[in-house]
Amino acid sequence: MTGSLRVRRGAAAPLAGLALVAAAFAPATAQAASPSVRDGQAVVQTEVLSSGAALEIAEAAMEEAARQKQKVTVVIVDRSGATRLVVKGDGAGPQTEESARRKAFTAVSFGRATSELAKGLDGGGPSIADIPGTLFLGGGVPVASGGAPVAGIGVGGAPSGDIDEAIARAGLKAVAGRLR
């Protein structure tokens, strides 16, 4: 990795929007409850992206950003939306960290790239874009394992969301063959 990078792990991310998302997709009846609830289990196991994989993603994304001569910030969040890693590239603007975090949060919350989600917004009344902490601009991609999102990658700072997303996808590509 070239240049000096600032890495911060474990910072809390606002999760207010996650409760709204969960409520919107919650089962209507007790019969639709998850097997662990019906079986009486009080603890469940969840998949998480390793810190090593998060570092590999960030490094590959920053290398792609340098190749494209972009000054960006890369943020990786876990499935609950908590920030796992922040890499702010040299010269990246002050707004890039927050936009990257919100893109990562949005991607993992909905399990889809933020550019795809943005296509469904019409501006006519309340929508998923009203959920606090979300951002529907290109640059956020989910990291999936076993068909379910386990993390989100957000990139902010390029002059367009498609460039941010290409940088995020380059990061994802670094570990894609090792995701279950």
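Residues numbered from 1 in each chain as written. Predicted model: local features only at pLDDT ≥ 70, side-chain atom pairs only at ≥ 80, totals over all residues. Heavy atoms only, no water.

Caption draft 1: Summary view of the nonpolar core. Ranked by size, the top nonpolar core spans 26 residues in total, and within it Leu 49, Ile 76, Val 143 and Ile 153 carry the most contacts. Counting only elements with at least two residues in this core, the list comes to helix 3 (51–67), strand 2 (73–78), strand 3 (83–88), strand 4 (140–145), strand 5 (148–156) and helix 6 (161–173). The residues touching Ile 76, leaving out its near neighbours within four places in the chain, are Leu 49, Ala 54, Ile 57, Ala 58, Ala 82, Thr 83, Arg 84, Leu 85, Ala 151, Gly 152 and Ile 153. Grouped together as the second largest cluster of nonpolar side chains are six residues, Val 77, Val 86, Ala 104 and Val 108 included. (Core = buried A, V, L, I, M, F, W, Y, C linked by side-chain atoms within 4.5 Å. Buried < 20%, exposed > 50% of the residue type's maximum accessible area, 1.4 Å probe, protein only. Helix = DSSP H or I, 4+ residues; strand = E, 2+ residues; numbered from the N terminus. Contact = heavy atoms within 4.5 Å.)

Caption draft 2: Focus on the pattern of salt bridges. Summed over the entire model, instances satisfying the criterion amount to seven salt bridges. Between Arg 101 and Glu 98 there is a salt bridge whose closest N-O contact spans 2.7 Å. On the criterion of helical spacing, the pair formed by Arg 101 and Glu 98 is a turn pair, its members being three residues apart in helix 4 (residues 96–110). On the accessibility criterion, Arg 101 (9% relative accessible area) is buried. Taking relative accessible area as the criterion, Glu 98 reaches 40% and is therefore assigned partly exposed. (Salt bridge = Lys/Arg side-chain N within 4 Å of Asp/Glu carboxyl O.)

Caption draft 3: Focus on the pairing of strand 2. Among the six residues in strand 2, six count as buried, and that is most of the element. Residues Thr 73, Val 75 and Val 77 line one face of strand 2 and the alternating positions Val 74, Ile 76 and Asp 78 line the opposite face, and both faces are buried. Sheet topology note: the strand 2/strand 3 ladder contains five bridges and is antiparallel. Within the sheet, the bridge partner assigned to Ile 76 lies in strand 3 and is Leu 85. By the bridge criterion, six bridges tie strand 2 to strand 5 in an arrangement that is antiparallel. Bridged to Val 75 within strand 5 is Gly 154. (Pairing = 2+ DSSP bridges.)

Caption draft 4: Representation of the side chain of Thr 73. Summarising the element assignment, Thr 73 is placed in strand 2. Of the polar contacts made by the side chain of Thr 73, one reaches the side chain of Thr 96; its length is 2.6 Å. Among residues more than four places away in sequence, those in contact with Thr 73 are Val 86, Val 87, Lys 88, Gly 89, Ala 92, Thr 96, Glu 97, Ala 100, Gly 154, Val 155 and Gly 156. (Polar contact = N/O pair within 3.5 Å; in protein donor to acceptor, adjacent residues only side chain to side chain.)

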